[in-house]
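Here is how the chains run, residue by residue.
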Amino acid sequence: MKVLGRSFFWVLFPVLPWATQAVEHEEVAQRVIKLHRGRGAAATQSRQWVRDSCRKLSGLLRQKNAVLNKLKNAIGAVERDVGLSGEEKLFQVHTFEIFQKELNESENSVFQAIYGLQRALQGDYKDVVNMKESSRQRLEALREAAIKEETEYVELLAAEKHQAEALKNMQHQNKSLSMLDEILEDVRKAADRLEEEIEEHAFDDNKSVKGVNFEAVLRVEEEEDNSKQNMTKREAEDDLGLSMLIDSQNNQYILTKPRDSTIPRADHHFIKDIVTIGMLSLPCGWLCTAIGLPTMFGYIICGVLLGPSGLNSIKSIVQVETLGEFGVFFALFLVGLEFSPEKLRKVWKISLQGPCYMTVLMIAFGLLWGHLLRIKPTQSVFISTCLSLSSTPLVSRFLMGSARGDKEGDIDYSTVLLGMLVTQDVQLGLFMAVMPTLIQAGTSASSSIVMEVLRILVLIGQILFSLAAVFLLCLVIKKYLIGPYYRKLHVESKGNKEILILGISAFIFLMLTVTELLDVSMELGCFLAGALVSSQGPVVTEEIAASIEPIRDFLAIIFFTSIGLHVFPTFVAYELTVLVFLTLSVVVMKFLLAALVLSLILPRSSQYIKWIVSAGLAQVSEFSFVLGSRARRAGIISREVYLLILSVTTLSLLLAPVLWRAAITRCVPRPERRSSL
């Protein structure tokens, strides 16, 4: 009881000064020190002191109720006062209501603290789970209290602003205004109405939405000139400078939409990041060109130097990656622009069968190794599927600028390779659609495996239906829309290339939006947009390619730099032997599986291209970064497996040009070799 009384006092102590004078306050403080140290007081005196404190708390609560009644009567008197204007009544009533909330919240805080003390005394100090739950409940209570306090503070600011406006109106009524003052007053009222119309109240509208969590964050103000040193507190609060928020999980957030949309803002961090990437990518690209490597590896090195494993100077990593995705969109559009639908008809069976057989074989080998290494089947399927995908942007760079002609009826390896990559892009969209079910299957009981398999089959059916709808839409666009649309752009863009570039970009975005709405990958939509435009003839293809290629090249720099942001040389150095072995195993396995599958489905006259196509497929797609990050967040793979996937993907991309060059040198006659590298 003595321990309970002393602990109970620590909850009561914050409210005692409300009812005591200065001398009593000092006596209470001295008494607390003595009780806490266990000296100078008997047990009976301690219990008596606790009872006195409880009586004081009871008196404070009765006093609070009396004040609430007085406030209620005051509100009624203000509402009945005919001498006050509507604005003055609203302000006074609002002020009384805020004070009522303050009293009620203070009382709630006292009893929440008592409840927390009771729960802590009833718990087991050796039970970590119980202490964790108590800590979580206290954290939730603090978050709710912070939200209420923030709401009250905003209301006080609004009341203060309302009071200032009322005072200003009274001053205007007591003096005559000039014509300019009247105009400015009308403008002020119009501006107030504009702010009220465009203000979204996003905080109040979303704080009660299901799934919204209250988090404690740190707000880091942007360091600017010394002009902020002389700012008042009010000016600093109203300042719209870009701030950075950091939550307890070390995630960093920047401003996406300011409260006042009438003032233009710019994300200076993002601007500095793009400028830095543009300046550093030039020497890195020159260096790779000098030693005979593709310039894309220079851009990856640029990302490594600027990323978390290097100088860590890139602040807007998500924004840089998002901009880089547009590089993939335009690259795939140009790939489709060079991809003839007539050639696709010749290789559609190969393009469809090859990637499907390779994926099935990769999953089979993955399950076999997973069984031997005692890895869960869900993880084995996921890892095998990630490794079965190849990089479409990388191979597109290899094939860029090369001729596409066939020789004596033989199948062109570039057509086969691009067709298989397009099928893999479709598989990527299919896998991303099935991934939520795969996550649930990994956590479900064995009795529901049949149901999970049925759900996966239903999803596959939905994706196949979406693909059929996409290709039906493409046939309609090719027959009725793309011709008139291009002719209109061509007429309007004479002497003004902006219309042509904008029109083609809008068509690309339309196709990727349609495929996204139909739950198919956006990359497939970009490729189909290029294929549809290429159906208008080689002259159209050359004109559009000349306009789009500069945009594609700049955005490709951003894309490959964003890949370098996820390359960690220190981790590769620590585990170099393991990573080199795993990378070589994956590259050799993909090369041999591709060669085996192509030897079974290619015509005998075109068997020589299987080595070139296999070399083009013998690397891991950069989209494994996206799949790996989602799987890690979902708990399918661990942090270690995620880092291994990133490292193996990066090393396989570095080996890809070497293998490609070797295959081209060995299998293609010298006059017909591509000048891709």
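Residues numbered from 1 in each chain as written. Predicted model: local features only at pLDDT ≥ 70, side-chain atom pairs only at ≥ 80, totals over all residues. Heavy atoms only, no water.

## Observations concerning the overall build of the protein
The criterion, for reference: Only DSSP runs of H or I with at least four residues qualify as helices, and only runs of E with at least two residues qualify as strands; both kinds are numbered from the N terminus onward. The protein chains shown are the only cover counted for residues, whose accessible areas, like all others here, come from Shrake-Rupley with a 1.4 Å probe.
Helix and strand counts for the protein stand at 24 helices and three strands. Split by element, the accessible area of the protein, about 39200 Å² in all, is 62% carbon and sulfur.

## Some remarks on helix H10 (residues 295-306)
How we decide: Expected span, for any helix, means 1.5 Å times one less than how many residues it has. When a residue's accessible area, from a 1.4 Å probe over protein chains only, is under 20% of the maximum for its type it is buried; when over 50% it is exposed; and in between it is partly exposed. Whether two residues are in contact is decided by their heavy atoms: any pair within 4.5 Å suffices.
An ideal rise of 1.5 Å per residue puts 16 Å on twelve residues; H10 measures up with 17 Å between its terminal C-alpha atoms. Burial of H10 is extensive: nine of the twelve residues sit out of reach of the surface. Of all the positions in H10, only Met296, Phe297, Gly298, Tyr299, Ile300, Cys302, Gly303, Val304 and Leu306 are classed as buried. Of the surrounding elements, those touching the buried residues of H10 are helix H9 (268-290), helix H14 (392-399), helix H19 (538-564), helix H20 (569-574) and helix H24 (639-667).

## Here's the deal with the pattern of salt bridges
Quick reminder of the rule: One speaks of a salt bridge when a side-chain nitrogen belonging to Lys or Arg is within 4 Å of a carboxyl oxygen belonging to Asp or Glu.
One pass over the full model with this rule turns up three salt bridges. Note that lysine 488 and glutamate 492 form a salt bridge whose closest N and O atoms lie 3.1 Å from each other. On the criterion of helical spacing, the pair formed by lysine 488 and glutamate 492 is a turn pair, its members being four residues apart in helix H16 (residues 449-492).

## Some details on the packing of aromatic side chains
Rules: By convention, a stacked pair of Phe, Tyr or Trp rings (six-membered ring in the case of Trp) has centres within 6.5 Å and planes under 30 degrees apart, an edge-to-face pair has planes over 60 apart, and any other such pair is tilted.
Applying the stated criterion to the full structure yields seven aromatic pairs. When the centroid spacing of 6.0 Å and the interplanar angle of 25° are considered together, the rings of phenylalanine 591 and tryptophan 611 count as stacked. Taken as a pair, phenylalanine 591 in helix H21 (residues 576-601) and tryptophan 611 in helix H22 (residues 610-617) lie far apart in primary sequence, 20 residues in all. Phenylalanine 591 gets classed as buried once you look at its relative accessible area, which sits at 18%. Residue tryptophan 611 is classed as partly exposed on the basis of its relative accessible area of 37%. Site record: aromatic cluster; members linked through ring pairs are Phe326, Phe329, Phe330 and Phe509.

## Topic: the side chain of serine 391
The test is simple: Polar contact is defined as a pair of N or O atoms within 3.5 Å, subject to the rule that within protein one atom must be able to donate a hydrogen and the other to accept it, and that residues adjacent in sequence are counted only when both atoms are side-chain atoms.
Along the chain, the position of serine 391 falls in the loop between helix H13 (377-388) and H14. Here serine 391 falls in the buried class, since its relative accessible area comes to 2%. A polar atom in the side chain of serine 391 sits 3.2 Å from the backbone nitrogen of leucine 394. The residues touching serine 391, leaving out its near neighbours within four places in the chain, are Leu421, Gln619, Val620, Ser621, Glu622 and Leu653.

## Points about the environment of leucine 512
Within the secondary structure, leucine 512 sits in helix H17 (residues 497-517). Sequence-wise, leucine 512 and glutamate 523 are eleven residues apart; in three dimensions their C-alpha atoms are separated by 6.8 Å.

## A word on the packing of H10 against H19
Put simply, the rule reads: For helices, the fitted line uses only the C-alpha atoms of the stretch in contact; every axis is such a line through C-alpha atoms, and the angle between N-to-C directions lies from 0 to 180 degrees. Any angle that is under 35 degrees is reported as roughly parallel, and any over 145 degrees as roughly antiparallel; angles of 65 to 115 degrees are reported as roughly perpendicular and all others as oblique. The hand of a helix crossing depends on one turn: near helix anticlockwise from the far one by less than a right angle means left-handed, and clockwise means right-handed.
Two numbers describe how H10 lies on H19: the axes approach to 6 Å, and their chain directions differ by 50°. As far as their axial angle goes, H19 and H10 are oblique. For H10 against H19, the interelement crossing comes out right-handed. Together, Met296, Tyr299, Ile300, Cys302, Gly303 and Val304 of H10 and Ile557, Phe560, Thr561 and Gly564 of H19 make up the contact between the two elements.

## Points about the confidence of the model for the protein
Going by this rule: pLDDT measures how confident the predictor is about each residue, on a scale from 0 to 100.
On average, residues of the protein score 75 in pLDDT, and 73% of them are at 70 or above. Taken together, the stretch residues 1-25 has pLDDT below 50 and engages in 39 contacts with residues farther than four places along the chain or on a different chain. Across residues 224-230, where pLDDT falls below 50, the model places two contacts with residues more than four positions away in sequence or in other chains.

## Quick notes on the state of the cysteines
Under the convention used in this document: Disulfides are defined in this document as cysteine sulfur pairs within 2.5 Å.
For the coordinates displayed, the defined rule picks out zero disulfides. Cysteine 288 forms no disulfide, and the closest cysteine sulfur to it belongs to cysteine 284, at a distance of 7.2 Å. You can call cysteine 288 buried: its relative accessible area is 2%. Free cysteine cysteine 302: the closest other cysteine sulfur is in cysteine 284, separated by 5.1 Å.

## Quick notes on unusual backbone geometry
When glycine is set aside, most residues are seen to have a negative phi, and most peptide bonds are trans. You will see that asparagine 312, though not glycine, has its phi angle at about 55°, which is positive. For asparagine 312, the position within the fold is in the loop between H10 and helix H11 (317-337). Taking the relative accessible area as the measure of exposure, asparagine 312 reaches 41% and is therefore partly exposed.

## Overview of the nonpolar core
Convention followed: Buried Ala, Val, Leu, Ile, Met, Phe, Trp, Tyr and Cys residues form a nonpolar core when they are joined through side-chain atoms within 4.5 Å.
Core analysis: the largest hydrophobic core is formed by 100 residues, its most contacted members being Phe333, Phe382 and Ile544. Of the residues forming this core, the biggest block, eleven residues, is contributed by H19. Grouped together as the second largest cluster of nonpolar side chains are six residues, Met362, Leu387, Leu593 and Val648 included.

## Thoughts on the side chain of threonine 561
Examined against the element boundaries, threonine 561 turns out to sit in helix H19. What makes threonine 561 buried here is its relative accessible area of 1%. Setting aside chain neighbours within four positions, we find threonine 561 in contact with Ile277, Tyr299, Cys302 and Gly303.

## Concerning the environment of leucine 367
Residue placement: leucine 367 occurs in helix H12 (residues 341-372). Relative accessible area serves as the criterion here: at 36%, leucine 367 is assigned to the partly exposed category. For leucine 367 and glutamine 379, which are twelve residues apart along the polypeptide, the C-alpha to C-alpha distance reads 9.1 Å. For leucine 367, the residues in contact, after removing those within four places along its chain, are Pro377, Ser380 and Val381.

## Things to note about the packing of H17 against H19
Let me state the cut-off plainly: Put simply, Ala, Val, Leu, Ile, Met, Phe, Trp, Tyr, Cys and Pro go in the nonpolar bin, Asp, Glu, Lys and Arg in the charged bin, and everything else, Gly too, in the polar bin.
At a minimum axis distance of 10 Å, the contact between H17 and H19 shows a crossing angle of 80°. Regarding the angle of H17 to H19, the classification is roughly perpendicular. Where H17 approaches H19, its residues Lys497, Leu500, Ile501 and Ile504 are matched on the opposing element by Glu543, Ile544, Ser547, Ile548 and Ile551. Considered class by class, the residues forming the contact of H17 with H19 number six nonpolar, one polar and two charged.

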